[in-house]
Amino acid sequence: MAMLSAAASPFCRPEEDPFLLLESSLKAIERILQLRRGLPLRRTWIEQPYGEEEITILEEEVIPAIQQCLARVDELDERLLAQQELLHRCQLEADREALSELRLQMA
């Protein structure tokens with residue numbers, strides 16, 4: 001994922017960004033599955049742990065779905081950043097033109 005870092009963001013705190021939480025959760029799930037390879041995966045709410053079948057579903061369906069969601073969020077972020085950059089360039093150009101007109105009026 002190409003998600004931008006939210007450290008010292010002027011827009012919100014990292015804990016307020018649901019997609020940072022989703023990305024962090026994905027990494028945690030992947031790490032747990034890697035460390036517990038071949039072992040049942042215990043859950044806090046039920047006695048029966050996840051066995052091979054449930055872990056396979058996580059690996060083949062759930063993790064790719066989270067990755068796809070994060071990829072789509074990255075696409076949206078890139079589009080918004082491009083729009084923001086274009087607006088910034090337009091504002092700079094408008095400021096330059098206004099300054100040029102002012103100089104011409106003063107001359």
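This report concerns the structure included in the present document. (Residues numbered from 1 in each chain as written. Predicted model: local features only at pLDDT ≥ 70, side-chain atom pairs only at ≥ 80, totals over all residues. Heavy atoms only, no water.)

On to the overall build of the chain, then. The helix and strand inventory of the chain stands at two helices and zero strands. A compact globule built from 107 residues would reach a C-alpha radius of gyration of about 13 Å, whereas the chain, at 24 Å, exceeds it by more than 25%. For the chain, the spread of C-alpha atoms along the three principal axes comes to 85 × 25 × 20 Å. In the chain, which comprises 107 residues, the proportion classed as buried is 15%. In the chain, 53% of the contacts between residues at least 6 apart in sequence involve partners at least 24 apart. (Helix = DSSP H or I, 4+ residues; strand = E, 2+ residues; numbered from the N terminus. Rg over C-alpha atoms; globule rule 2.2 N^0.38 Å. Buried < 20%, exposed > 50% of the residue type's maximum accessible area, 1.4 Å probe, protein only. Contact = heavy atoms within 4.5 Å.)

Glancing now at the packing of helix α1 (residues 18-35) against helix α2 (residues 52-106). Direction vectors running N to C along α1 and α2 enclose 150 degrees, while the axes themselves pass 10 Å from each other. Taken together, the axes of α1 and α2 lie roughly antiparallel to each other. Considering how the two elements wind past one another, α1 and α2 form a crossing that is left-handed. Contacts between α1 and α2 involve Phe19, Leu22, Glu23, Leu26, Ile29, Glu30 and Leu33 from the first element and Ile55, Leu58, Glu59, Ile63, Ile66, Gln67, Cys69, Leu70 and Val73 from the second. Looking at the contact of α1 with α2 residue by residue, the classes come out as 12 nonpolar, one polar and three charged. (Axes fitted to C-alpha atoms, helices over the stretch in contact; angles between N-to-C directions. Parallel < 35°, antiparallel > 145°, perpendicular 65-115°, else oblique. Left-handed = near helix turned anticlockwise from the far one by under 90°. Nonpolar A, V, L, I, M, F, W, Y, C, P; charged D, E, K, R; others polar.)

Quick look at the environment of Pro40 now. Position of Pro40 relative to the elements: it lies in the loop between α1 and α2. Owing to a relative accessible area of 41%, Pro40 belongs among the partly exposed residues under this scheme. Placed 12 residues apart in sequence, Pro40 and Glu52 show a C-alpha to C-alpha distance of 7.3 Å. For Pro40, the contacting residues outside a window of four places in its chain are Pro49 and Tyr50.

Moving on to the pattern of salt bridges. Scanning the model with the defined rule gives six salt bridges in all. Where Arg37 meets Glu59, a salt bridge forms, and the shortest distance between an N and an O atom there is 2.7 Å. Of this pair, Arg37 sits in the loop between α1 and α2 while Glu59 sits in helix α2, and the two are 22 residues apart along the sequence. Overall, Arg37 belongs to the exposed group, its relative accessible area being 54%. Given a relative accessible area of 30%, Glu59 falls into the partly exposed group. Arg96 is the partner of Glu93 in a salt bridge, and the nearest nitrogen-oxygen pair spans 3.3 Å. Taken together, the residues Glu93 and Arg96, both in helix α2 and three residues apart, mark about one turn of the helix. (Salt bridge = Lys/Arg side-chain N within 4 Å of Asp/Glu carboxyl O.)

As a further point, take the environment of Leu33. You can see Leu33 is positioned in helix α1. With 26 residues separating them along the chain, Leu33 and Glu59 place their C-alpha atoms 8.5 Å apart.

This part takes up the state of the cysteines. Under the counting rule described, the total for this entry stands at zero disulfides. Counting only cysteine sulfurs, Cys69 is the nearest neighbor of Cys12, a cysteine outside any disulfide, at a range of 16 Å. For Cys12, a relative accessible area of 26% puts it in the partly exposed group. (Disulfide = S-S within 2.5 Å.)

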